[in-house]
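# Chains, contacts and geometry: an overview
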Amino acid sequence: MAEYLIKNGFVFDPVQGINGDKKDIAIKDGKIVESVGASAKVIDAAGKTVMAGGVDIHAHVAGPKVNVGRNFRPEDKKQAIYEPGRGVRRMSGGFSVPTVFKTGYEYANMGYTTVMEAAMPPFYARHVHEEIRDTPIIDQGAYPVFGNNWFVLEYLKNGEAENTAAYISWLLRMTKGFAIKCVNPGGTEAWGWGLNCTSIHDPVPYFDITPAEIVKGLIEANEYLKLPHSMHVHSNNLGNPGNYETTLETLKLAEGISAKNDFGREQVLHHTHIQFHSYGGTTWGDFESRADKIADYVNSQKNITCDIGFVTLDETTTMTADGPFEHHLCELNHLKWANTDVELETGSGVVPYVYSPDIYVCGLQWAIGLEIALLAKDSMRFHMTTDHPNAGPFTRYPRVMKWLMSAKARDEMFAGMKNEDKVRDRTGLSTMDRELSLYEIAMMTRAGTAKALGLSHMYGSLTPGLCGDVAVYDYNPETASDPEAIEKAFGKAAFLFKQGELIINDGEIVSNGNKRTLWVNVKTNENPQVERDIALKFNKFYTVNQNNYEVAAHHYVPNPYVFEIDATV
Amino acid sequence: METVTLTIKEQPPLFLEAEVFNPDALASKSAAEIAALPLPMGKTTPVVGDYFTVTGKGGATAAETKVVVNGDLTKVKYIGAHMSAGEVVINGNTDMYVGAWMTGGKITAKGTIGHFAATAMKGGEIIVEGDAGNYLAAAYRGDWRGMQGGRIHVKGNVGSDTGTFMMGGEIVIDGNADVHVMTHADGGKTVIKGNAKSRLGGQMVRGEIYLFGSVDVMMPGFNYVGDVELEVEGVKAKFAEYIGDTGERHPKSKGKLIYGKLYKKK
């Protein structure tokens, strides 16, 4: 394999404590190495920024609900005209629900090399893996959802921790999943009865278990299985005024639990798109930011990480396994609504949404996300996401970076709002002058996410031995002064390497790489009880035969990277 | 005002996407420059001069530019689409998307126009001497924002699905309308001087339909509430007033529910 030497760039690598120093980065045989021979191809990175490839911890980029979004929003492509194929690129298009090809190309353009699909309905895991397989360049994994799964609800209700863990290990293996995701615990199941769980103490109909028991049980199962990532929660009561109290109660469930794993992960709970869960007030009338309370709590608890879910003020497509929330949203904006019940496992909804800077609620949502990120004391634990496409398309990360790095850019945004005073009045953002550095941005976008995923031995840093995933941006941190330059440079990487292969050369995609699918194979003790329960449920309830359930690796996951874990006792 | 005259020389084998046949794209351009503009066809990109003779030139701005297109234009799409000012005259029958997304100016079509004319139109005026196709003044596929402003006058008949997702503006049809008028509408006004078939105002939230002729089948979701004297398009007459679609959500204003209205001339 070719050797490369990236010379004279400004390197930002928080893991090694490199903060903008001029350094050379060497790549050989797919890895970052100390040095290369004289025949190595030299990339001149003078005046440019060099970072490890970006790692996205939460985005909805593959699977049935993304495809429902594509199918029922033909108008979405009016926002981003289809580009014809050229060179190694296939035709690509779509804005909030892009094609799989565009997903791969645009992440690469932003210097991202690893992306986690945030919610995989186990029953439709094959569809998720088909789309992942067809997404070029980036390594991907997917989180199957467990928070409303009948097996999990029954085992946790009966206090059967070992059975819960055995079932989870079986499902991860069947679906080729990477982590435990929990969406609106109990609430999506309650939606099957036309109900919801808006606090962590609302009992789930029939199962008579509370969201608090589900969250705690899943955290414990996660540590029992010693998974690379922690339990990944989207808590109850998303998007409602006053929900910060539910969020704090959920986060407190992790108190006193410490991480058990061999992957360097320290947290036991990752709270996703926390911006949507940091709202004060009682109605949309007195709606206000409670970013301070949430950020303070996360700052104080070393065993919690979060990603933000920045609202980017675009017309987008919301999609989540939080079925009742999507119905609620459709009642608010009267636009089209898709809803699915996924047998014994979960549900899902899709609704288009226009985040308008002229609507003060949207303006405030925009401000709350930035406020949380700017209140962070340790950016390793506050991650960059837009909950793509829920709060905005992932292609806006460079714009979010601009807002985080420039108070001037934030002021310009405020000034364009119809209700500027009202928005400024109800968030702490307007008085904040903190501007994040590229060092902190590198934490939010690669070092921190890689660590939280238990992947710091592969990604997120330029330490020799790690994957040769390197992004070079045409951004000179010593001379740049215009915030617009941030958005431009970080949206169009000058060079990108994935596993040591040159993917972007001088701004042009020249290779589709050799993408891998990451999944976790955990071995647990043999458990005849769980095997029997699974067989019974398939015979009695599922519409498919148990033999047709598994995601066959050879077909759906042609290039797997498997994490083998022994959790037998 | 300067005039650009485009006359079709030969019929293309496939449909031409004439997104440059509007005053905004042709303003301040000479005949030679216009002849060199792209005119996509299938996967190829011929230029205007390949299929059209060009005379005259564009004015300094769109508002000072008049575009005249002559000949059999049944294989030409997008004439007058996205225009914001100025004037377009279409001497012949043409295909889809006439005046789509237009925000201002005036289009006069001497013949018949194709489907999806005035898609999501926001302003300006379209006059059609012949007939219009399906989905006149509707939303783009999947979108919920149909015609929002401006005025359309069709002197002939219109196809189906006129004014789907209409939110504002005005359509006057001298002839007959096929099925589905103002489906899902949330505002706007349509006058049908001829006859209608069925499904007028299905799932309509707000807006007004005035029908001078007959309707084959009335929507069951519309309720008769009484007769009113109205002057519509210069005609004073008694109309039967219906409200609907009662199967759809309706917003409240000052404590009262707002309905879509259907007025049928007695």
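Coordinates for the structure precede this section.
Notes on the structure follow. (Residues numbered from 1 in each chain as written. Chains lettered and ligands numbered in written order. Predicted model: local features only at pLDDT ≥ 70, side-chain atom pairs only at ≥ 80, totals over all residues.)

Counting its regular elements, chain B contains three helices and 19 strands. By the compact-globule yardstick of 18 Å for 266 residues, chain B fits well, its C-alpha radius of gyration being 20 Å. Overall, the C-alpha framework of chain B stretches about 60 × 35 × 35 Å when taken along its three principal axes. A buried classification covers 48% of the 266 residues belonging to chain B. (Helix = DSSP H or I, 4+ residues; strand = E, 2+ residues; numbered from the N terminus. Rg over C-alpha atoms; globule rule 2.2 N^0.38 Å. Buried ≥ 20, exposed ≤ 12 C-beta atoms within 10 Å, placed from the backbone.)

Glancing now at the overall build of chain A. Along its length, chain A carries 18 helices and 24 strands. Here chain A has a C-alpha radius of gyration of 22 Å; the compact-globule value for 569 residues is 25 Å, and the two agree. Seen through its C-alpha atoms, chain A measures out along the principal axes to roughly 65 × 55 × 45 Å. The buried share of chain A, reckoned over its 569 residues, is 58%. In chain A, the proportion of contacts linking residues at least 24 apart, taken out of those at least 6 apart, comes to 77%. (Contact = placed C-beta atoms within 7 Å.)

Let us now look at the interface of chain A and chain B. Note: interface size is frequently given as the accessible area lost on complex formation between the parts. Contacts between chain A and chain B engage seven residues on the former and six residues on the latter. Looking at the side of chain A that touches chain B residue by residue, the classes come out as three nonpolar, one polar and three charged. (Nonpolar A, V, L, I, M, F, W, Y, C, P; charged D, E, K, R; others polar.)

Our focus in this paragraph is the sheet that holds strand β17 (residues 346–354) of chain A. All names here are of chain A. Reading across the sheet, the three strands line up as β15-β17-β16 and stay open at both edges, with antiparallel pairing between neighbours. Unpaired on one side and paired on the other, β15 (315–320) and β16 (338–342) mark the two borders of the sheet. Across the sheet, the mean angle from the axis of one strand to that of its neighbour is 15 degrees, orientation sign disregarded. Here β15 pairs with β17 via six bridges, running antiparallel. Across the sheet, residue M319 finds its bridge partner in β17, namely V350. Docked against the sheet, helix α1 (residues 64–72) engages β15, β16 and β17, running at close to 40 degrees with respect to β17. (Pairing = 2+ DSSP bridges. Axes fitted to C-alpha atoms, helices over the stretch in contact; angles between N-to-C directions.)

Ranked by internal contacts, the top residues of the largest apolar core, which has 176 residues, are A108, C182, I372, V470 and V472 of chain A. Excluding residues that lie within four positions of it along the chain, A108 of chain A makes contacts with I137, I138, L496, I503, I504 and I509 of chain A. In this structure, V69, Y135, M219 and Y263 of chain B belong to the second largest nonpolar core, which totals 76 residues. (Core = buried A, V, L, I, M, F, W, Y, C linked by C-beta atoms within 7 Å.)

Here the focus is unusual backbone geometry. Residue H388 of chain A is joined to P389 of chain A through a cis peptide bond whose omega torsion reads -5 degrees. Within the secondary structure, P389 of chain A sits in the loop between β18 (382–383) and α12 (397–405). Cis geometry marks the peptide bond from G244 of chain B to D245 of chain B; its omega dihedral reads -15 degrees. Turning to its location among the elements, D245 of chain B is positioned in the loop between β16 (235–244) and β17 (252–253).

Here four bridges tie strand β9 (residues 151–154) of chain B to strand β10 (residues 170–173) of chain B, and the two strands are oriented parallel to one another. Across the sheet, residue R151 of chain B finds its bridge partner in β10 of chain B, namely E170 of chain B.

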